[in-house]
Amino acid sequence: QVQLVESGGGLVQAGGSLRLSCAASGRTFSRYHMAWFRQAPGKEREFVVGITWSGGSTSYADSVKGRFTISRDNADNMVYLQMNSLKVEDTAVYYCAAGWGVGTAVPVHASRFDYWGQGTQVTVSS
């Protein structure tokens, strides 16, 4: 079992940066693919970025390519999301998710992830 706790959200002006962190518990963390999803008010939860269990492959939503970077530290059971050049439309609750590491590609559907954090709010003002 994996427990996930996100941190690092907050209020930032458009064009600014934030770094989200996801702390994971459990001895098998390094065997899980990890991802960040987000959900804005009135919208469905959407995939933002993911990374395979080994860190060897990543996948980004088109809307964040070139601005967001995911990384992981398996020794410390951490996943990070560096968000640069933030836009008002990035405003959402951001969720960290873990899915058992089957295959070598990053899953992008929420149904492939077994564990979720409580979310952290990111608000980007104009």
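Everything discussed here concerns the structure shown above.
Numbers given for residues are sequential positions, taken from 1 along each chain in its written order. In keeping with the predicted nature of the model, local features appear solely for residues at pLDDT of at least 70, side-chain atom pairs appear and are counted solely at 80 or more, and the whole-chain, interface and lining totals rest on all residues. Values shown for side chains rest on all heavy atoms present in the structure; no hydrogens or waters enter the calculation.

The residue Asp90 is located in the loop between strand 8 (78-83) and strand 9 (92-100) in this model. One polar contact links Asp90 to Arg38, side chain to side chain, over a distance of 2.9 Å. Note on contacts: a residue pair qualifies if any of its non-hydrogen atoms lie within 4.5 Å across the two residues. When neighbours within four sequence positions are excluded, Asp90 is seen to be in contact with Arg38, Arg67, Phe68, Ser85, Val122 and Val124. A run of H or I in DSSP becomes a helix once it reaches four residues, and a run of E becomes a strand once it reaches two; helices and strands are each numbered from the N terminus. Each polar contact in these results corresponds to two N or O atoms within 3.5 Å; when the atoms are within protein, one needs to be able to donate a hydrogen and the other to accept it, and residues that are neighboring in sequence are counted only if both atoms are side-chain atoms.

As a further point, take the side chain of Arg72. Inspection of the secondary structure assignment puts Arg72 in strand 7 (residues 68-73). Relative accessibility under 20% of the residue-type maximum defines a buried residue, over 50% an exposed one, and the middle range a partly exposed one, all with a 1.4 Å probe and only protein chains included. His residues and chain termini do not enter the charge count, which takes Lys and Arg as positive and Asp and Glu as negative. When a carboxyl oxygen of Asp or Glu lies within 4 Å of a side-chain nitrogen of Lys or Arg, that pair is called a salt bridge. It turns out Arg72 is buried and unbridged, and the closest side chain with the opposite charge, Asp73, is 8.2 Å from it. Of note is the side chain of Arg72, whose polar atom sits 3.2 Å from the backbone oxygen of Phe29. Engagement of the side chain of Arg72 in a polar contact is seen with the side chain of Asn74, the distance being 2.7 Å.

Let's shift gears to the state of the cysteines. Note on disulfides: each one is a pair of cysteine sulfur atoms within 2.5 Å. One pass over the full model with this rule turns up 1 disulfide. Here Cys22 connects covalently by a disulfide to Cys96, the sulfurs 2.1 Å from one another. Sign of the S-S torsion, about -80 degrees for the bond between Cys22 and Cys96, identifies this disulfide as left-handed. Placement of Cys22 in strand 3 (residues 18-24) and of Cys96 in strand 9 is noted, with a sequence separation of 74 residues between them.

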